[in-house]
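# Reading the structure
Here is how the chains run, residue by residue.
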Amino acid sequence: MTIATDKLSDPVVRHAVAAINAHDRDAFVGLLAADATMSDDGSDRDLHDWIDREIFGSGGRMDVQKESDGGRKLLAQFRNDTWGEMSTVWRFEVVDGRIRRFETGQA
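Here goes a summary of the coordinates provided. Here the structure is a predicted model, which means the values were calculated and not measured. (Residues numbered from 1 in each chain as written. Predicted model: local features only at pLDDT ≥ 70, side-chain atom pairs only at ≥ 80, totals over all residues. Heavy atoms only, no water.)

## Concerning the overall build of the protein chain
Along the backbone of the protein chain there are 3 helices and 6 strands. When the elements of the protein chain are put in sequence order from the N terminus, they spell out α-α-β-β-α-β-β-β-β. Computed over the C-alpha atoms, the radius of gyration of the protein chain is 12 Å, within 12% of the 13 Å expected from 2.2 N^0.38 for a compact globule of 107 residues. Seen along its three principal axes, the alpha-carbon backbone of the protein chain occupies a region of about 35 × 30 × 25 Å. Counting only residues that meet the buried cut, the protein chain has 41% of its 107 residues in that class. Sequence separation of 24 or more characterises 45% of the internal contacts of the protein chain that already satisfy a separation of 6 or more. (Helix = DSSP H or I, 4+ residues; strand = E, 2+ residues; numbered from the N terminus. Rg over C-alpha atoms; globule rule 2.2 N^0.38 Å. Buried < 20%, exposed > 50% of the residue type's maximum accessible area, 1.4 Å probe, protein only. Contact = heavy atoms within 4.5 Å.)

In C-alpha cells form, the structure reads like this:
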C-alpha cells in the first residue's frame, strides 16, 4: 500500500519526495545542505551527478510503501527510465531543515 506523499511525517523528506515525483530538480536541490553527501548501495557518489543521472535525467519517481525513524527512513518503489522499477530503501539525515546526507539502495 502506497503512502500519499502529503502524508509523510518528516516535512523535509515530504518535500524531497514531492520534488522527485514532480521532476523539480531546483526544489530538490533547494532542500540540500551546502555540504550534502549521498551514497547508493553503500558507495558514496557525487551527489549532483547522481541525482541528474538517476532521478532528474531519467524520469525518476518513488512511491513510498513504509516509513520509519520519524519519517526519515523510507521503503519505496523507485523507478526510472534507465533501471526500471525496484524496491529501495532511503535514509535521510536532516539538520536544521536541510538534507545533509541521504543513502539509498535496493531493499
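## A few points about helix α3 (residues 47-56)
All buried positions along α3 are accounted for by L47, W50, I51, E54, I55 and F56. Axial view of α3: buried residues confined to an arc of 145°, hence all on one face. At the N-terminal boundary of α3, the capping side chain belongs to D46, with an oxygen 3.3 Å from the backbone nitrogen of H48. (Arc of directions from axis to C-beta. Polar contact = N/O pair within 3.5 Å; in protein donor to acceptor, adjacent residues only side chain to side chain.)

## Examining the nonpolar core
Grouped together as the largest cluster of nonpolar side chains are 27 residues, with contacts concentrated most on F28, W90, I99 and F102. Secondary structure elements with two or more residues in this core: α1 (11-21), β1 (32-40), α3, β3 (61-68), β4 (73-80), β5 (84-95) and β6 (98-106). At 6 residues, the largest contribution of residues to this core is made by α1. Not counting residues up to four positions away in its chain, the partners in contact with F102 are F28, T37, M38, S39, L47, W50, I51, W90, R91 and F92. (Core = buried A, V, L, I, M, F, W, Y, C linked by side-chain atoms within 4.5 Å.)

## Here we look at the pairing of β5
The pairing of β4 with β5 spans 8 bridges and is antiparallel. Along β5, the bridge assignment pairs N80 with G84. The hairpin formed by β4 and β5 contains 3 residues between the paired strands. Inspection of the sheet shows β5 paired to β6 by 8 bridges, in the antiparallel sense. Each bridged residue has a counterpart across the sheet, and for E93 the counterpart in β6 is R101. Where β5 folds back onto β6 in an antiparallel hairpin, the turn is made up of 2 residues, including D96, whose phi is positive at roughly 55°. (Pairing = 2+ DSSP bridges.)

## What about α1?
All of the buried residues in α1 are V12, V13, A16, V17, A19, I20 and N21. Among the structural elements, α2 (25-30), α3, β3, β4, β5 and β6 are those in contact with the buried residues of α1. The opening residue of α1, the one whose side-chain oxygen lies 3.0 Å from the backbone nitrogen of V12, is D10. One or two steps after α1, the chain reaches H23, where phi turns positive at roughly 55°.

## Some remarks on the side chain of E54
Position of E54 relative to the elements: it lies in helix α3. Once residues lying within four places of it in the same chain are set aside, the contact partners of E54 are G60, F78, N80 and W83.

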